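# Structural overview for review
What follows is each chain in one-letter form.
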Amino acid sequence: MRLRNKPWAKEKIAAYPQYVIPNPEEYKGRWNELFGNDHPIHIEIGTGKGKFITEIAKANPNINYIGIELYPSVLVSALDKLIANELPNLRLLNVNAKDLTNFFAEGEIERIYLNFSDPWPKKRHEKRRLTYRSFLELYEKVLVDEGEIHFKTDNQGFFEYSLVSFSQYGLVLTYVSLDLHNSDFEGNIMTEYEEKFSAKGNRIYRCEVKYPPKQRHL
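Report follows, based on the coordinates. Predicted model only: the values in this text are computed from it and were never measured.

### A closer look at the nonpolar core
One finds I43, I45, F104 and Y139 to be the most contacted residues of the largest nonpolar core, which totals 37 residues. Look past the residues within four positions of I43 in its chain and what remains in contact with it is I66, I68, L100, F104, I109, R111, I112 and Y113. Counting 18 residues, the second-largest nonpolar core is a separate cluster that includes F52, I56, A78 and L82.

Here it is as structure tokens:
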């Protein structure tokens, strides 16, 4: 993805600390205090321009959502959507997902969405893929027992790689579609990227996996 630099983006993000939380580590273990309720928390890693996270938050007012995006020039578009909709159950973070455990306590998150993540196709970049083992370990630390990952991509090679990675880690596959838009799946919310590439006839791949029950020591 080619990023268009927006030098004013950081300044705009800083002007809306009620929407893009400036010091997220301060809320580790107490995000429900920020939201003012005990509803489940779902996060999207790589929120992009925010279409998915905004629409799913609108559709599910009893779930709290946090969108994570590394690039300010991209996140500012998601911020615009949040400003326009004033959703009380959605907040954004301008942070790196590899630092997830700095911001969330063990068992604080119920579900993670990975939508059209960078496939990093070169073998030497494998560790950067958001479905690589080290990321799966990271997610497990913040997810509830038997927490879920919902994953979508238009890249067949990345999807196949991810299915293998999930399986090798011991995740349980609960849903899979090799052609989402021609399946019977209901309630799909498209990202900007998904709209663009499905319009060109690209097949969309989707799966849901959950972690096995955590071992409890007596």
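### A few points about the sheet that holds strand β2 (residues 64-68)
Ordered by their spatial adjacency, 7 strands build an open sheet running β3-β2-β1-β4-β5-β7-β6, and the pairing between neighbours is mixed. Looking at the sheet topology across the chains shown, the edges are occupied by β3 (90-93) and β6 (172-177). Taking the axes of each pair of neighbouring strands and ignoring which way they run, one obtains an average angle of 15 degrees across the sheet. Bridge count for β6 against strand β7 (residues 205-210) is 5 bridges, and the pairing is antiparallel. Note on β7: the bridge partner recorded for V176 is C207.

### Observations concerning the environment of V209
Along the chain, V209 turns up in strand β7. Classification of V209 by relative accessible area gives buried; the value is 3%. For the pair V209 and Y161, spaced 48 residues apart in sequence, the C-alpha separation works out to 14 Å. Leave out the neighbours within four places in its chain, and V209 touches G147, E148, I149, F166, L171, V172, L173 and T174.

Each value, and the rule that gives it
- Residues numbered from 1 in each chain as written.
- Predicted model: local features only at pLDDT ≥ 70, side-chain atom pairs only at ≥ 80, totals over all residues.
- Heavy atoms only, no water.
- Core = buried A, V, L, I, M, F, W, Y, C linked by side-chain atoms within 4.5 Å.
- Buried < 20%, exposed > 50% of the residue type's maximum accessible area, 1.4 Å probe, protein only.
- Contact = heavy atoms within 4.5 Å.
- Pairing = 2+ DSSP bridges.
- Helix = DSSP H or I, 4+ residues; strand = E, 2+ residues; numbered from the N terminus.
- Axes fitted to C-alpha atoms, helices over the stretch in contact; angles between N-to-C directions.

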